[in-house]
Amino acid sequence: AAGVLGGLFEPTFRRTVSNLISGKSGSGGHRTHDGSEDEEKHHRGVELLASLCFIAAGILLSTPVIVSASSMSGATSFSLCLIAFLMYEFLVGLYMPCEGMLRTIYMPNDSICSLMTMLRVIVNISVSLGV
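Residues numbered from 1 in each chain as written. Predicted model: local features only at pLDDT ≥ 70, side-chain atom pairs only at ≥ 80, totals over all residues. Heavy atoms only, no water.

A.B. asks: Hey, could you go over a nonpolar patch on the surface for me, with residue numbers and the actual values?
C.D. replies: A contiguous nonpolar patch, built from Val4, Leu5, Leu8, Phe9 and Phe13 and spanning about 480 Å² of accessible area, is present on the exposed surface. Assignment of secondary structure puts Leu5 in helix H1 (residues 2–22). On the basis of relative accessible area, Leu5 is assigned to the partly exposed category, the value being 42%. (Patch = residues over 30% accessible without salt bridge, like charges linked within 9 Å, V, L, I, M, F, W, Y side chains within 5 Å. Areas by Shrake-Rupley, 256 points an atom, 1.4 Å probe, with all protein chains shown as cover. Salt bridge = Lys/Arg side-chain N within 4 Å of Asp/Glu carboxyl O. Helix = DSSP H or I, 4+ residues; strand = E, 2+ residues; numbered from the N terminus. Buried < 20%, exposed > 50% of the residue type's maximum accessible area, 1.4 Å probe, protein only.)

Rendered as structure tokens:
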């Protein structure tokens, strides 16, 4: 459920990050004639949002290590780990649409299917060797 919420809120977060980068306060953007300037700011906004999701997810995944090193009670440490996990799932929901947008930005349209298939083959081989 937290991942779905992250996916639902992703457009709002992406617009906010893009507006912060461009210095705009409203939701409507002024496009240049060819749209390249706003498009570049939009790409940077998506990249920044994806990077922030990675950093925050790394911090949240270290929560069990930090909690186990401290002297907290069992109920408190479980609650903190559960909250960290739900926040991590929210970030995964934020990141997944960004991944699709980054894929369309950096992978050429004529070879995107073969590239994605090769990446899946590599991951499947890695998983089967690890198991």
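A.B. asks: Give me the lowdown on the confidence of the model for the protein chain, citing residues and values where you can.
C.D. replies: When pLDDT is low, close inspection of the predicted coordinates is not appropriate. Looking at the protein chain as a whole, the pLDDT averages 83, with 89% of positions reaching at least 70. H1 is the least confidently modelled element of the protein chain, averaging 85 in pLDDT, while helix H4 (residues 74–106) averages 89, the highest of any element. The low-confidence segment residues 29–33, where pLDDT is below 50, has seven contacts with residues more than four positions distant or belonging to other chains. (pLDDT = per-residue confidence, 0-100. Contact = heavy atoms within 4.5 Å.)

A.B. asks: How would you explain the side chain of Ser18 if you had to name every residue and give the values?
C.D. replies: Topologically, Ser18 is positioned in helix H1. For Ser18, a relative accessible area of 11% gives the class buried. Filtering out sequence-adjacent residues up to four positions away, Ser18 remains in contact with Lys41, His42 and Gly45.

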